[in-house]
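In case you want the letters, here they are:
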Amino acid sequence: AAMLISGYVIAAHRVRAAADLAALSGATVASLGGDPCAAARTNAAAHRAQVVACKRVGDQIDFVVTVTASVTVTSTAPGLPTTVSAIAYAGSEEVR
């Protein structure tokens with residue numbers, strides 16, 4: 001049971017970090033006029049995560065990039081989820 005729980009804890013930490021980094025990457029690219037969601041997907045993939053939702057709200061100066069990322073849990077049991085997800089935001093707080 002301890003190995004099962006630790007697998008979910010590790011996956012939760014990984015997905016939170018991946019979502020944060022993907023949102024920051026997206027916000028950086030958005031501030032330069034690029035596609036924030038493409039940057040978020042690339043960054044998440046580099047951290048073995050997948051972007052399942054990405055949205056940019058606002059204009060070129062005041063904006064927020066919202067990223068939902070997921071990772072697969074390596075050790076699961078029947079009836080338990082096989083993925084965990086996290087949401088992260090980056091950009092100007094006034095827009096959110």
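See above for the structure.
Residues numbered from 1 in each chain as written. Predicted model: local features only at pLDDT ≥ 70, side-chain atom pairs only at ≥ 80, totals over all residues. Heavy atoms only, no water.

Q: So what exactly am I meant to see when it comes to the packing of aromatic side chains here?
A: How two aromatic rings sit relative to each other is set out by the distance from centre to centre and by the angle between their planes. Inspection of every chain in the model, using the stated rule, returns zero aromatic pairs. Taking the ring centre of Phe63 as reference, the NZ or CZ of Arg56 above it sits at 5.0 Å. (Phe/Tyr/Trp six-rings, centres within 6.5 Å; stacked < 30°, edge-to-face > 60°. Lys NZ or Arg CZ within 6 Å of the ring centre and 35° of its normal.)

Q: Is there a simple way to think about the state of the cysteines in this case?
A: Formally, a disulfide is one covalent bond, and it connects the sulfur atom of one cysteine to the sulfur atom of another. A full pass over the atoms with the stated rule returns one disulfide. Disulfide pairing is shown between Cys37 and Cys54; the S-S distance is 2.1 Å. When the S-S torsion is -90°, as for the bridge of Cys37 with Cys54, the disulfide is left-handed. In this pair, Cys37 sits in helix H2 (residues 36-46) while Cys54 sits in strand S1 (residues 50-58), placing the two residues 17 residues apart along the sequence. In this structure Cys37 comes out as buried when scored by relative accessible area, which is 13%. You can call Cys54 partly exposed: its relative accessible area is 23%. (Disulfide = S-S within 2.5 Å. Helix = DSSP H or I, 4+ residues; strand = E, 2+ residues; numbered from the N terminus. Buried < 20%, exposed > 50% of the residue type's maximum accessible area, 1.4 Å probe, protein only.)

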